[in-house]
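Examination of the molecular architecture
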Amino acid sequence: MGEQLKIACGVFGAINFQKQPIFPHIYWGLRAQNHRGHQSHGFLTYNNGKFHVQRSLDLVPKIKTNALQQWFGRLPGHIGIGNVRYTTSGKTDEKSLIKGTQPVTASKNGFKLAVSFNGNVVNTFQLKKEISKEFPRFSYECDADLICHKLLIELTKGKDLASAVKTCMQEIEGAFSVAGITKEGKFFAFKDPCGIRPLCAGHSEDLSIYAFSSETVGQDINGFERDFELEPGELVTVSKDGFDREKIVKSERRAFCAFEFAYFARPDSRFDKKYVYEIREEFGKNLVRENPDIVKDADMILSLPETGDDAALGVHEESGLKWERASRRHRYVTERAFILLNGERYSTIDKKINILTSKVKGKQVIVTDDSIVRGDTTKVIVKKLRKMGAEKVYVFITFPRIIGPCFYGIDMATYGQLIGSKHDPKEITKIIGADAVCYQSIEDFIKATGFSRDQLCLGCITGKYPTLLAQKIADEMKKRFLEGCEEKGRLYEMVEAVEKT
Ligand code: SF4
């Protein structure tokens with residue numbers, strides 16, 4: 001199997017029934033969600049049966065006023081979808097990144113389709129085989145290609161959109177939140193039967209524009225009102241009268257990604273009624289309640305910006321300890337620590353965060369952060385604090401200990417790379433060089449989200465995955481890992497091996 005690209009993404013799509021250009025809304029919807037993917041981005045608009053596409057690397061760009069007309073000219077039409085993305089494995093050269101950038105399109109026998117997707121397909125091997133039969137020159141660049149082609153195959157069989165989506169929901173395993181446009185200008189969105197990744201619907205005040213967005217911030221920035229979060233297994237189409245919701249597949253359970261709350265989502269987004277920042281504050285309060293002796297011993301709180309900030313406020317409110325803003329992020333160094341290559345990690349976190357020495361010297365410090373994946377970042381921060389004279393360093397982590405990989409679009413692909421799969425918190429404390437590493441308990445974490453246990457995916461922290469093939473692959477990977485087998489390549493090579501059995 002060749003090298004492949006796996007992605008985590010942000011989706012935005014909208015339709016304007018007054019037939020005004022949709023591009024500005026897609027643009028702002030994506031800019032608000034650039035944290036969900038910053039390696040590449042793409043826009044696609046629909047005009048008179050034609051798709052117009054623009055894909056580029058890096059962040060969604062600033063557009064100068066004198067270039068506006070060019071953009072409108074390149075992306076005409078009143079319907080559009082867009083995507084921001086980062087690769088989590090495979091080739092990262094410029095050509096490959098561009099090829100794997102969404103939105104993607106597919107066409108056959110007069111049918112044509114465009115989709116923007118967030119998630120990760122698990123049964124890629126089986127789907128690629130099926131698609132290659134229908135499209136002998138099919139070239140897989142990202143999972144969106146699989147979704148788009150599979151949906152198109154079903155449409156070319158004469159099925160209507162709902163039946164075609166239903167087959168996709170039944171035959172594709174994984175996480176998929178999708179916004180799409182057909183050749184006829186039908187604008188739609190759907191979510192996998194577990195509803196793993198977010199996707200919400202919203203509308204403009206005058207009811208002329210309807211939109212889908214991974215996070216509510218995409219609606220907010222456009223001044224739209226958020227209507228609802230798509231249900232698992234739901235297809236939503238849009239007409240002048242608004243959204244038409246249809247539960248296509250009965251889902252056994254909802255399994256919304258728990259990691260969205262701790263790390264991935266913007267704090268000013270909401271997936272239910274509560275803002276993510278309120279939930280993160282509650283995480284901080286929980287950590288105080290769970291660790292009274294450490295809190296008693298500490299002098300101050302220091303957060304790792306920015307995902308540790310809201311939890312730090314919670315720690316402060318619950319404990320009364322001073323929260324020193326003694327750790328600052330360099331605004332234009334935007335790389336996320338755990339998605340970088342091994343060699344890069346140490347230097348990048350060092351360049352990204354600056355700590356004010358005088359504030360931590362001689363102090364017993366509680367550091368709040370969202371998660372520990374490999375442990376490298378935390379190790380560097382603890383070392384830095386010690387070097388600056390901190391007497392004790394206690395690490396408060398809001399996401400419970402990550403013990404297994406993610407199969408649904410977050411870059412945690414093997415057991416070997418996860419410090420929490422090999423070590424308990426005491427051992428991790430030692431490896432990281434802290435005085436204590438305290439993870440929030442799973443029970444408190446769940447309670448703070450406002451979701452129930454059976455509404456969340458907790459796969460990477462419990463080892464129990466919401467879909468069958470993922471569970472099978474996880475069990476096999478774990479078995480091989482515990483037997484000391486080398487974890488060759490990445491998760492996706494294992495997927496092929498297990499799918500074949
Ligand atoms: S395995 Fe973890 S990161 Fe992946 S979807 Fe489930 S909760 Fe989210």
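The numbering scheme is per chain: residues are counted from 1 as the chain's sequence reads. It should be noted that, the model being predicted, local features are given only for residues of pLDDT at least 70 and side-chain atom pairs only at 80 or more, the latter also being counted only at that level, while totals for whole chains, interfaces and linings use all residues. The side-chain values count all of the structure's non-hydrogen atoms but skip hydrogen atoms and water molecules.

**A look at the environment of Thr 462**
- Strands are runs of DSSP state E lasting at least two residues, helices are runs of H or I lasting at least four, and both sets are numbered from the N terminus onward. Topologically, Thr 462 is positioned in helix H18 (residues 459–462).
- Each residue is assigned to one of three classes by its accessible area relative to the maximum for its type, calculated with a 1.4 Å probe on protein chains only: buried under 20%, partly exposed between the two thresholds, exposed over 50%. Accessibility expressed as a relative area gives 23% for Thr 462, which makes it partly exposed.
- Sequence-wise, Thr 462 and Ser 239 are 223 residues apart; in three dimensions their C-alpha atoms are separated by 42 Å.
- Two residues form a contact once any of their heavy atoms are found within 4.5 Å. Not counting chain neighbours up to four residues away, the residues in contact with Thr 462 comprise Ile 403, Ile 442 and Arg 453.
- Two N or O atoms form a polar contact when they lie within 3.5 Å of each other; inside protein one atom must be a possible hydrogen donor and the other a possible acceptor, and for residues adjacent in sequence the pair counts only when both atoms belong to side chains. A polar contact is formed between the side chain of Thr 462 and the backbone oxygen of Leu 458, at a distance of 2.8 Å.

**Observations concerning the site of the ligand**
- Near, as used in this document, describes a residue that has one of its heavy atoms within 4 Å of the molecule or strand being considered. Contacts to the ligand come from Ile 196, Arg 197, Cys 257, Ala 258, Phe 259, Cys 406, Tyr 408, Ile 410, Met 412, Cys 457 and Cys 460.
- Whether a set of points on the 1 Å grid over the protein atoms alone is a cavity depends on a 1.4 Å probe fitting there but being unable to get out, while an open set qualifies as a pocket with protein on both sides within 12 Å along at least five of seven lines; lining residues are those with an atom within 4 Å of a point. Grid points define the cavity or pocket, and a molecule sits in it when more than half of its atoms lie within 2 Å of them. Its atoms largely coinciding with the cavity grid, the ligand occupies the largest cavity.
- In this classification, the charged set is Asp, Glu, Lys and Arg, the nonpolar set is Ala, Val, Leu, Ile, Met, Phe, Trp, Tyr, Cys and Pro, and all remaining amino acids, among them Gly, are polar. For the shell around the ligand, the per-class residue count stands at 10 nonpolar, no polar and 1 charged.

**Describing the sheet that holds strand S6 (residues 111–121)**
- For two strands to pair, DSSP has to find at least two bridges joining them. One open sheet holds the 6 strands; their spatial order is S5-S6-S7-S8-S12-S13, and the pairing between them is antiparallel. Each of the sheet's edge strands pairs with one partner strand only, and the pair in question is strand S5 (104–108) and strand S13 (242–247). Sheet twist, expressed as the average angle between the axes of neighbouring strands with direction ignored, equals 20°.
- Note: S6 against strand S7 (residues 174–182), 9 bridges, orientation antiparallel. To get an axis, fit a line to the C-alpha atoms, keeping to the stretch in contact for a helix; angles then go from 0 to 180 degrees between the N-to-C directions.

**Quick word on the pairing of strand S15 (residues 300–303)**
- Residue alternation in S15 divides its side chains into two sets, Met 300 and Leu 302 and Ile 301 and Ser 303, and both sets are buried.
- Judged from the 2 bridges that link them, S15 and strand S16 (residues 322–323) form a sheet pairing that is parallel. Looking at the pairing, Ile 301 lines up with Trp 323 of S16.
- Clockwise travel from the first strand over the helix to the second, with the strands pointing away from the viewer, marks a crossover as right-handed. At this point the chain moves from S15, through helix H11 (residues 309–319), to the parallel S16, and the crossover so formed is right-handed.
- Alignment of S15 against strand S19 (residues 364–369), held across 4 bridges, turns out to be parallel. Residue pairing in the sheet places Ser 303 in a bridge with Thr 368 of S19.

**Quick notes on the nonpolar core**
- Core analysis: the largest hydrophobic core is formed by 46 residues, its most contacted members being Phe 261, Phe 399, Ile 402, Phe 407, Tyr 408 and Met 412.
- Looking at this core, the elements with two or more residues in it are strand S14 (256–257), helix H8 (259–264), helix H9 (276–290), helix H17 (442–449), strand S22 (456–457), H18 and helix H19 (468–482).
- Structurally, this core is a two-domain feature, drawing no fewer than three residues from each of domain 1 (6–252) and domain 2 (280–500).
- Apart from the residues lying within four places of it in its own chain, the contact partners of Ile 402 are Ser 371, Ile 372, Val 373, Met 412, Leu 418, Gly 420, Ser 421, Cys 460 and Ile 461.
- Counting residues in each nonpolar core, the second largest holds 34 residues, with Ala 144, Leu 146, Leu 155 and Phe 176 among its members. Definition used in this section: a nonpolar core is a set of buried Ala, Val, Leu, Ile, Met, Phe, Trp, Tyr and Cys residues joined via side-chain atoms within 4.5 Å. Domains are outlined according to an automatic or database domain assignment.

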